[in-house]
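Next come the chains, spelled out residue by residue.
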Amino acid sequence: LDVGGRRGTRNLALRLVASRAAGIPLAPKAKKIAKSNWSRDLTHEQLTYSARDAWLGAVVFEGLKTETGFLAAATAAINAQIPIAELSELASKRRTLKVQMRQLDRDVPA
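Peer 1: I tried to follow the overall build of the protein on my own but got confused; where do I start?
Peer 2: Helices and strands together make up the secondary structure of the protein, namely five helices and two strands. Sequence-ordered secondary structure for the protein, helices as α and strands as β, is β-β-α-α-α-α-α. Burial statistics for the protein: of 110 residues in total, 8% are counted as buried. In the protein, the share of contacts with a sequence separation of at least 24, taken over all contacts with a separation of at least 6, comes to 32%. On the protein, roughly 9,300 Å² of surface is accessible, and the fraction owed to carbon and sulfur atoms is 60%.

Peer 1: Is there a simple way to explain the side chain of Ser19 in this structure?
Peer 2: By secondary structure assignment, the location of Ser19 is in helix α1 (residues 14-22). Discounting residues that sit within four places of it in the chain, Ser19 has contacts with Ile24, Pro25 and Leu26.

Peer 1: For this particular structure, what's the right way to read the pattern of salt bridges?
Peer 2: For side chains of opposite charge, pairing can occur when their charged atoms come near one another. Throughout the structure, instances matching the rule amount to two salt bridges. For the salt bridge of Lys29 with Asp53, the shortest nitrogen-to-oxygen distance reads 2.8 Å. Of this pair, Lys29 sits in the loop between α1 and α2 (31-34) while Asp53 sits in helix α3 (residues 44-64), and the two are 24 residues apart along the sequence. Take Lys29: its relative accessible area is 34%, and that puts it in the partly exposed class.

Peer 1: Please explain the packing of α1 against α3 as it appears in this structure.
Peer 2: If you want to describe how two helices pack, look at the angle between their axes and the distance between the axes. Contact geometry for α1 and α3: axes closest at 9 Å, N-to-C directions at 70°. As summarised for this structure, α1 and α3 are arranged roughly perpendicular, according to the angle between their axes. For the crossing formed where α1 meets α3, the hand is left-handed. Mapping the contact onto sequence places Arg15, Val17, Ala18, Ala21 and Ala22 in α1 and Arg52, Trp55, Leu56, Val59 and Val60 in α3. Class assignment of the residues belonging to the contact of α1 with α3 gives a composition of eight nonpolar, no polar and two charged.

About the cut-offs
- Positions within a chain are numbered from 1, following the residues in the order the chain's sequence is written.
- Note on the predicted model: pLDDT of at least 70 is required for a residue's local features to be given, and 80 or more for side-chain atom pairs to be given and counted; whole-chain, interface and lining totals, by contrast, use all residues.
- Values reported for side chains reflect all heavy atoms of the structure, with hydrogen atoms and water molecules removed beforehand.
- Secondary structure elements follow DSSP: runs of H or I of four or more residues count as helices, runs of E of two or more count as strands, with numbering from the N terminus.
- Only protein chains enter the accessibility calculation, which uses a 1.4 Å probe. A residue is then buried if its area is under 20% of the maximum for its type, exposed if over 50%, and partly exposed in between.
- We call two residues in contact when some of their heavy atoms are within 4.5 Å.
- For the accessible areas, the method is Shrake-Rupley and the probe is 1.4 Å, while residue cover comes only from the protein chains on display.
- We define a salt bridge as a contact between a side-chain nitrogen of Lys or Arg and a carboxyl oxygen of Asp or Glu at a distance within 4 Å.
- An axis is simply a line fitted to the C-alpha atoms; with a helix, the fit covers only the stretch in contact. Between two such axes, the angle follows the N-to-C directions and lies from 0 to 180 degrees.
- Relative orientations are named as follows: roughly parallel for angles under 35 degrees, roughly antiparallel for angles over 145 degrees, roughly perpendicular for angles from 65 to 115 degrees, and oblique for any other angle.
- Helix crossings are classified by the rotation of the near helix relative to the far one: an anticlockwise turn of less than a right angle makes the crossing left-handed, while a clockwise turn makes it right-handed.
- Put simply, Ala, Val, Leu, Ile, Met, Phe, Trp, Tyr, Cys and Pro go in the nonpolar bin, Asp, Glu, Lys and Arg in the charged bin, and everything else, Gly too, in the polar bin.

Right under this line is the structure:
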């Protein structure tokens, strides 16, 4: 996640913000792990990757919450999110539709 400007012109990456908030340099995250299969049992590398994200999110939040208006904006953004139950229902409907589409594809004569 980058902030500001068009792609290629942004100077402020989330990694830089997190690095400043944590007070330590952060290496770039491994694209190989990011693009790996997260639908199976997670590997040690995937768990480490996600733990780093969770920890840095908390560090950045702690650093930003003193900013004027940040907590109100964060609360509004969280409240605007779709509830988990609704997301789960949408995912279930999507899976059902995909199965139906595959069946229709099979039923169409070539």
